[in-house]
Amino acid sequence: MPKSSTPSRERIVAGAADMISRRGLSATSIREMAKHAKAPLGSTYHYFPEGKQQLATEAVRHTGEWVARSLRKELEAGPAAGLKAFLALWRKIVVDTDFHAGCPVLAVAIEEPPADEVPPALAAAAEVFEQWEGLLAGSLREHGADAELAAQIATLVVASVEGTVAMCRAKRSTDPLDRTAAQLQAVIATAIGA
């Protein structure tokens, strides 16, 4: 088999993230994630010998870093530009998938974990949300917002956008995203005195 047709680890992770964003973690088997990534099940287990939870954890981290890269780049122009990019990214996902996909990080975060256990994918989701909040809060502070206010607004932005993506999927409309965008832009402008 030529090397170019061999499934890469990254493609399997990206495929798993997409599948989880559409169906959630509980409703998705490792077999379905492998099939969605067009990867043999054996290759999937080769890369992820611990199975579904390991693959889901990597999918969450992959999504987290993908979004963080975009945020870092856009936040160079300020928190308003970062917000705009964050909203645009999720708008593109829900529109391009005809409202079938959302955020795999949120999908993992809302799964009920087994009693007395914090699965690695859930821990990764918490880390990703903290990373996004940290990037936004840092930009707000750099542009004049008080540290506590910056942290509060960053949490508000991430929570609002994640919830709004779910609403867009349910309503099959970007109207909730538009309404949320307008209010978050106003909050950021007030916080940095723009």
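Residues numbered from 1 in each chain as written. Predicted model: local features only at pLDDT ≥ 70, side-chain atom pairs only at ≥ 80, totals over all residues. Heavy atoms only, no water.

**Q** I would appreciate a short explanation of the overall build of the protein chain in the present structure.
**A** Scanning the protein chain from N- to C-terminus turns up 9 helices and 0 strands. Going residue by residue from the N terminus, the α and β elements of the protein chain occur as α-α-α-α-α-α-α-α-α. For 194 residues, the compact-globule estimate of 2.2 N^0.38 gives 16 Å, and the protein chain sits close to it at 18 Å. In terms of principal-axis extent, the alpha carbons of the protein chain reach across some 60 × 40 × 35 Å. Burial status across the protein chain gives 45% buried among its 194 residues. Partitioning the contacts of the protein chain with sequence separation of at least 6, the portion at a separation of at least 24 is 67%. Of the roughly 9900 Å² of accessible surface on the protein chain, 55% is carried by carbon and sulfur atoms. A distance of 10 Å separates the average location of the 21 positive side-chain charges in the protein chain from that of its 23 negative side-chain charges. (Helix = DSSP H or I, 4+ residues; strand = E, 2+ residues; numbered from the N terminus. Rg over C-alpha atoms; globule rule 2.2 N^0.38 Å. Buried < 20%, exposed > 50% of the residue type's maximum accessible area, 1.4 Å probe, protein only. Contact = heavy atoms within 4.5 Å. Areas by Shrake-Rupley, 256 points an atom, 1.4 Å probe, with all protein chains shown as cover. Lys, Arg positive; Asp, Glu negative; His and termini not counted. Charge placed at Lys NZ, Arg CZ, Asp CG, Glu CD.)

**Q** Explain the pattern of salt bridges here, please?
**A** Oppositely charged side chains can pair when the atoms bearing their charge come close. Under the definition given, this model contains 9 salt bridges. A salt bridge links E58 to R9, with the shortest nitrogen-to-oxygen separation between them at 3.8 Å. Linking E58 in helix 4 (residues 52–75) with R9 in helix 1 (residues 9–23), this pair joins segments that are 49 residues apart in sequence. The exposure class assigned to E58 is partly exposed, which follows from its relative accessible area of 22%. Judged by relative accessible area, which is 28%, R9 ranks as partly exposed. The closest approach of N and O atoms between D96 and K92, which form a salt bridge, is 2.5 Å. Pair noted here: D96 and K92 are both in helix 5 (residues 79–96), with a separation of 4 residues, about one helical turn. A residue is classified by how much of its surface remains accessible, and K92, at 52% relative accessible area, is exposed. Salt bridges here are not isolated pairs; linked through shared partners, they connect R9, E58 and R61. (Salt bridge = Lys/Arg side-chain N within 4 Å of Asp/Glu carboxyl O.)

**Q** Whenever I open this one, helix 8 (residues 147–171) confuses me. Can you help?
**A** Helical periodicity: at 3.6 residues per turn, an α-helix aligns residues three or four positions apart in one direction. Helix length check: helix 8, at 25 residues, gives a terminal C-alpha distance of 36 Å against a target of 36 Å (1.5 Å per residue), a fit within 8%. Buried within helix 8 we find A150, I153, A154, V157, V158, S160, V161, E162, T164, V165 and C168. Tucked inside the fold, the buried residues of helix 8 contact helix 5, helix 6 (104–109), helix 7 (120–142) and helix 9 (175–192). Two or three places before E148, at the opening of helix 8, D146 has a side-chain oxygen 3.1 Å from that residue's backbone nitrogen. The first or second residue beyond helix 8 is R172, which carries a positive phi of 55 degrees. (Expected span 1.5 Å × (residues − 1). Polar contact = N/O pair within 3.5 Å; in protein donor to acceptor, adjacent residues only side chain to side chain.)

**Q** Before we go on, may I ask you to explain the packing of aromatic side chains in this structure?
**A** A ring pair, where both rings are aromatic, is described by two values, the distance of the centres and the angle of the planes. Evaluation of the coordinates by the stated rule reveals 5 aromatic pairs. One aromatic cluster is present, formed by F86, W90, F129 and W132 through successive ring pairs. (Phe/Tyr/Trp six-rings, centres within 6.5 Å; stacked < 30°, edge-to-face > 60°.)

**Q** How should the packing of helix 5 against helix 9 be read in this particular structure?
**A** Each pair of packed helices gets described by two things: the angle between the helix axes and the distance between those axes. Where helix 5 meets helix 9, the axes come as close as 10 Å, and the angle between the chain directions of the two elements is 165 degrees. The orientation of helix 5 relative to helix 9 falls into the category roughly antiparallel. Between helix 5 and helix 9 the crossing geometry is right-handed. Between helix 5 and helix 9, the residues in contact are P79, A80, L83, L87 and R91 and L177, D178, A181, L184, Q185, I188 and I192, respectively. (Axes fitted to C-alpha atoms, helices over the stretch in contact; angles between N-to-C directions. Parallel < 35°, antiparallel > 145°, perpendicular 65-115°, else oblique. Left-handed = near helix turned anticlockwise from the far one by under 90°.)

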